[in-house]
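Inside the fold
What follows is each chain in one-letter form.
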Amino acid sequence: MEGISLFNFDLRSLYSVSIVVFGFNCHANVVGVFWELEHYPHRLIPRLPSSPGHYSALGPLAPKPTTYKLIGMLGAIISYMAIILLGYTAVGVSGYFAFPTSVSSNVLNSFPADDIAIQVARAAIGGVCMGSYPLNHHPARKAWEDLLDAWLDVRVVPAWLSSLLTVLFVASTVSTAVLVTDLGSVLHMIGGTAAAFMVFLLPGLLLMNAAIIKHTTTAAGDAAAHAASVTSSQPSAAAA
């Protein structure tokens, strides 16, 4: 078809990186999904090796889950990413063929406003937004509560403060939605900042934190064992 190219590599291609990062950003829900998994969950992908020992023989770039729960999480991650990839590919390719040269940042605005199918699509997207809003609000409010605990030693957040955080979150997001009408700018901003941080930096920081906790726990255990051995050897030396 005229005007359509499979790949287009230039400086403008960099604008799509933040949108791709935003599209594959599901790290905010990973902790909750892992927490809810059983210790011996059913595998979503039956072809995955069923035992942690089977992964040690794989290549150096292959994942190395050490528990059955991590194997279940690996299947969940692969399944989620496959669904996201298929969904975004179908939408992207269809939109590109429909509007090869020019398209609005919100692709639905490029279609006629009186199209019944487009109105149904808008209603469906609105329903998705309504359902995902509390899912995003809960971890955001919990993060602020954790910051208050770390900074001001607020162990138990009072109900009025939790309600205030909710009101501020709703007011700020609704105000942003009213003032900013270009969806592309929003996706670029989120994909280039928060989503990029969660995709590229947050996993490494979590692993570093886990390594520090493990090292601290091991060192404390070794120190306690050494103190116990010294204490137990003192009566023997006194008796001798």
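As shown above, the structure is provided for reference.
Here's what I pulled together on the structure shown here. It should be emphasised that the depicted structure is a prediction, and the values quoted were computed from it without experimental measurement. (Residues numbered from 1 in each chain as written. Predicted model: local features only at pLDDT ≥ 70, side-chain atom pairs only at ≥ 80, totals over all residues. Heavy atoms only, no water.)

**What to know about the overall build of the chain**
A count of helical and extended segments in the chain gives six helices and zero strands. If you list the helices and strands of the chain from N to C, you get α-α-α-α-α-α. Across the 240 residues that make up the chain, the buried fraction comes to 14%. Residue pairs in contact within the chain that sit at least 24 positions apart in sequence constitute 60% of those at least 6 positions apart. (Helix = DSSP H or I, 4+ residues; strand = E, 2+ residues; numbered from the N terminus. Buried < 20%, exposed > 50% of the residue type's maximum accessible area, 1.4 Å probe, protein only. Contact = heavy atoms within 4.5 Å.)

**Some remarks on the side chain of Ser-79**
Tracing the chain through its elements places Ser-79 in helix 3 (residues 68-98). Residues contacting Ser-79, with those up to four places away along its chain left out, are Leu-44 and Ile-45.

**Description of the pattern of salt bridges**
Using the criterion set out here, one finds four salt bridges in the structure. Taking the shortest distance from any N to any O, the salt bridge between Asp-146 and Lys-142 comes out at 2.8 Å. One end of the pair is Asp-146 and the other is Lys-142, both in helix 4 (residues 116-152) and four residues apart, which spans about a single turn. Each of the salt bridges in this network shares a partner with another, and the network as a whole consists of Asp-149, Asp-153 and Arg-155. (Salt bridge = Lys/Arg side-chain N within 4 Å of Asp/Glu carboxyl O.)

**Comments concerning the environment of His-39**
Relative to the helices and strands, His-39 resides in the loop between helix 2 (30-36) and helix 3. Sequence-wise, His-39 and Ile-71 are 32 residues apart; in three dimensions their C-alpha atoms are separated by 9.9 Å. Not counting the four nearest positions on each side in its chain, His-39 is found in contact with Tyr-68 and Lys-69.

**As for the packing of aromatic side chains**
Inspection of the entire model under this criterion finds one aromatic pair. Here Tyr-133 and Phe-169 contribute two aromatic rings whose centre-to-centre distance is 5.6 Å and whose plane-to-plane angle is 65°, an arrangement assigned as edge-to-face. In this pair, Tyr-133 sits in helix 4 while Phe-169 sits in helix 5 (residues 159-179), placing the two residues 36 residues apart along the sequence. When its relative accessible area of 22% is taken as the criterion, Phe-169 is described as partly exposed. Of note, Lys-69 hangs over the ring of Phe-34, and the distance from its end group to the ring centre comes to 4.6 Å. (Phe/Tyr/Trp six-rings, centres within 6.5 Å; stacked < 30°, edge-to-face > 60°. Lys NZ or Arg CZ within 6 Å of the ring centre and 35° of its normal.)

**Considerations on a nonpolar patch on the surface**
A grouping of Tyr-133, Val-170, Val-174, Val-178, Leu-179 and Val-180 is seen on the molecular surface, where their side chains present a nonpolar patch of about 520 Å² in accessible area. Among the elements that make up the nonpolar patch, the one with the highest residue count is helix 5 (four residues). Mapped onto the elements of the fold, Val-170 is located in helix 5. (Patch = residues over 30% accessible without salt bridge, like charges linked within 9 Å, V, L, I, M, F, W, Y side chains within 5 Å. Areas by Shrake-Rupley, 256 points an atom, 1.4 Å probe, with all protein chains shown as cover.)

**Considering helix 4**
The first and last C-alpha atoms of helix 4 sit 53 Å apart over 37 residues, in line with the 54 Å expected at 1.5 Å per residue. All of the buried residues in helix 4 are Ile-118, His-137, Glu-145 and Leu-148. On its buried face, helix 4 is in contact with helix 5. Where helix 4 starts, the residue carrying a side-chain oxygen 3.0 Å from the main-chain nitrogen of Ala-117 turns out to be Asp-115. Looking one or two places after helix 4, you find Asp-153, whose phi comes out positive at around 60°. (Expected span 1.5 Å × (residues − 1). Polar contact = N/O pair within 3.5 Å; in protein donor to acceptor, adjacent residues only side chain to side chain.)

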